[in-house]
Amino acid sequence: MAPGTTVEKKSEDEKSSAKTCRVHLSNPHLDVMKEDILYHFDLGTGTHDFPALFGDVKFVCVGGSASRMKFFIQYIAEELKLGDPKADIPNICAGTDRYAMYKVGPVLSVSHGMGIPSIAIMLHELIKLLYHSKCSNVTIIRIGTSGGIGLDVGSVVVTSQSVDASFRPQFEQIILGKKVVRCTELDEELAQELLESSKEINEFNTVIGKTMCTMDFYEGQARLDGAFCFYTEEEKMQYLKEAYEAGVRNIEMESSVFAAMCKLAGIRAAVVCVTLVNRLKGDQITSPHEVLVEYQQRPQKLISHFIKKQLGKV
């Protein structure tokens, strides 16, 4: 391992937390704070009763787009018969324009923006929200879109493990000038449960595979259509084929930090993304708008079926 690199290990508290399925925080500084302000949610422990507002949450679904997450909560409301899906479900984070949050029964739907920095900020505050709310046995699932590798367009990928652009199963971050490496494995049992839910729906192809998480949409994903490109099409294809051979089935920009942070918090987590393009056949999305809308609903259908099974409503 390179100098200045550390691999964080689970503490005894984290191991105990995992057994009891309670959300775990690794920050002693929070214990001496009079109030914890979740700035980007416009929520705070001094102004809101977290257990009353969120204590019953068992499922958290997060996705990049605020409008998509509003559509999802309306869809869940209809599926779980928890209210009029056409009703205007209020945005809990209406006091800020950073993120949007919606709640119906035990389901929380939160937007996270695009890329590792944006979802990381959201996750810090979401994990603290769940902790302050005294939530237990929580499942967090990221739903979204991605570029597929070697899959038909519209296929859904349930992530087994997030890897970086060098196909390593880790998330690296510089903290206090030192490189910190965190594990990016996701819950294997949960992934299998989601795959089984998809088989029961039997409406679209779903696979379990590795997801490559990149820091960029263009060069970082070996595209040829960005403002800059200093490699050939042959080099691009060789790279994507190597990714496929390494078990990578799709590419997005949030899964690594999502997996790492959920694991640190002792929360069962999964990533479920639909593929909008097969990168072995091109870079740009060419499907008609109405087709893309249906594709984007596929992870939502899968998660809805899974939640209904968990609640005994199937």
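In this text the structure is predicted, and so the values were computed from the model without any measurement. (Residues numbered from 1 in each chain as written. Predicted model: local features only at pLDDT ≥ 70, side-chain atom pairs only at ≥ 80, totals over all residues. Heavy atoms only, no water.)

Enquirer: Would you take a moment to explain the side chain of Thr-214 for this structure?
Expert: You can see Thr-214 is positioned in the loop between β11 (206-213) and α6 (233-245). A polar atom in the side chain of Thr-214 sits 3.2 Å from the side chain of Gln-221. Ignoring anything within four residues of it in the chain, the contact list for Thr-214 reads Ile-116, Gly-220, Gln-221, Ile-251, Glu-252 and Met-253. (Helix = DSSP H or I, 4+ residues; strand = E, 2+ residues; numbered from the N terminus. Polar contact = N/O pair within 3.5 Å; in protein donor to acceptor, adjacent residues only side chain to side chain. Contact = heavy atoms within 4.5 Å.)

Enquirer: Is there a simple way to think about the pattern of salt bridges in this case?
Expert: If the charged atoms of two oppositely charged side chains come close together, the side chains can form a pair. This model, assessed by the stated rule, comprises 15 salt bridges. Between Glu-254 and Arg-142 there is a salt bridge, with its nearest N and O atoms 3.0 Å apart. Of the two residues, Glu-254 sits in the loop between β12 (248-252) and α7 (255-264) while Arg-142 sits in strand β7 (residues 139-148), which places them 112 residues apart along the sequence. Like Arg-142, Glu-254 is buried. Overlapping salt bridges, with partners in common, bring together Asp-164, Arg-168, Glu-172 and Lys-179 in one network. (Salt bridge = Lys/Arg side-chain N within 4 Å of Asp/Glu carboxyl O. Buried < 20%, exposed > 50% of the residue type's maximum accessible area, 1.4 Å probe, protein only.)

Enquirer: Quick question: what am I supposed to make of the layout of surface pockets here?
Expert: If you roll a probe as big as a water molecule over the atoms, it shows you where there is empty space left. Here the largest pocket defines a volume of roughly 560 Å³. Along the walls of the largest pocket sit 22 residues, with Ser-26, His-124, Arg-182, Met-261 and Leu-264 positioned nearest its centre. Elements represented by at least two residues in the lining of the largest pocket include exactly α4 (116-132), β9 (170-175) and α7. No other element matches α4, which puts 6 residues into the lining of the largest pocket. A breakdown of the residues in the lining of the largest pocket according to their chemical character gives 14 nonpolar, 5 polar and 3 charged. One number sums up the size of the second largest pocket: a volume of about 400 Å³. Looking at the lining of the second largest pocket, the elements that each hand over two or more residues are β7, β12 and β13 (268-278). Sort the elements by how many residues they give to the lining of the second largest pocket and β7 lands first, with 6 residues. (1 Å grid on protein atoms, 1.4 Å probe; cavity = no way out; pocket = protein on both sides within 12 Å on 5 of 7 lines; lining within 4 Å. Points joined across faces, edges and corners; volume = space filled by probe spheres on them. Nonpolar A, V, L, I, M, F, W, Y, C, P; charged D, E, K, R; others polar.)

Enquirer: Just checking my understanding: could you explain empty space enclosed by the protein for this structure?
Expert: Going through the model one piece at a time under the given rule, you end up with 1 cavity of 30 Å³ or more. Of the pockets and cavities examined, the largest cavity occupies roughly 40 Å³. Every residue lining the largest cavity is listed: Arg-68, Ile-143, Gly-144, Thr-145, Val-274, Gln-296, Pro-299 and Gln-300. Secondary-structure elements contributing two or more residues to the lining of the largest cavity are β7 and α8 (289-310). Residues belonging to the lining of the largest cavity are distributed by class as follows: 3 nonpolar, 4 polar and 1 charged.

Enquirer: Please explain the packing of aromatic side chains as it appears in this structure.
Expert: Two aromatic rings are characterised by how far apart their centres lie and by the angle between their planes. Within this structure, the stated rule accounts for 5 aromatic pairs. Arranged with centres 5.5 Å apart and planes meeting at 25°, the rings of Phe-167 and Tyr-239 form a pair that is stacked. Residue Phe-167 is found in the loop between β8 (156-163) and β9, and its partner Tyr-239 is found in helix α6; the two are separated by 72 residues along the sequence. We classify Phe-167 as partly exposed; its relative accessible area is 22%. Positioned above the aromatic ring of Phe-217, the side-chain terminus of Arg-223 is 4.0 Å from the ring centre. (Phe/Tyr/Trp six-rings, centres within 6.5 Å; stacked < 30°, edge-to-face > 60°. Lys NZ or Arg CZ within 6 Å of the ring centre and 35° of its normal.)

Enquirer: Can you walk me through the pairing of β8 in this structure?
Expert: Two faces make up the sheet, and in a regular strand the side chains alternate between them. Among the 8 residues that make up β8, 7 are buried, leaving the element largely enclosed by the rest of the structure. As paired strands, β8 and β11 are joined by 6 bridges and run parallel to one another. From the neighbouring strand, Val-158 faces β11, where its bridge partner is Ile-208. (Pairing = 2+ DSSP bridges.)

Enquirer: Please clarify how helix α5 (residues 188-201) should be interpreted in this entry.
Expert: Every α-helical turn comprises 3.6 residues, leaving residues that sit three or four positions apart pointing alike. When the terminal C-alpha atoms of α5 are compared, their 20 Å separation across 14 residues agrees well with the 20 Å that a helix rising 1.5 Å per residue should span. Restricting attention to buried positions, one finds in α5 the residues Leu-190, Ala-191, Leu-194, Leu-195, Ser-197, Ser-198 and Ile-201. Here the buried residues of α5 occupy an arc of 155° about the axis, which is enough to place them on one side. Facing away from the buried side of α5 by over 90 degrees, the exposed positions are Glu-188, Glu-189 and Lys-199. Buried residues in α5 make contact with β7, β8, β11, β13 and α8. Taking the backbone nitrogen of Glu-189 as reference, a side-chain oxygen 3.1 Å away marks Asp-187 as the first, capping residue of α5. Residue Asn-202 follows α5 closely and has a positive phi angle near 55°. (Expected span 1.5 Å × (residues − 1). Arc of directions from axis to C-beta.)

As far as function goes, none of this settles anything; it's purely spatial.
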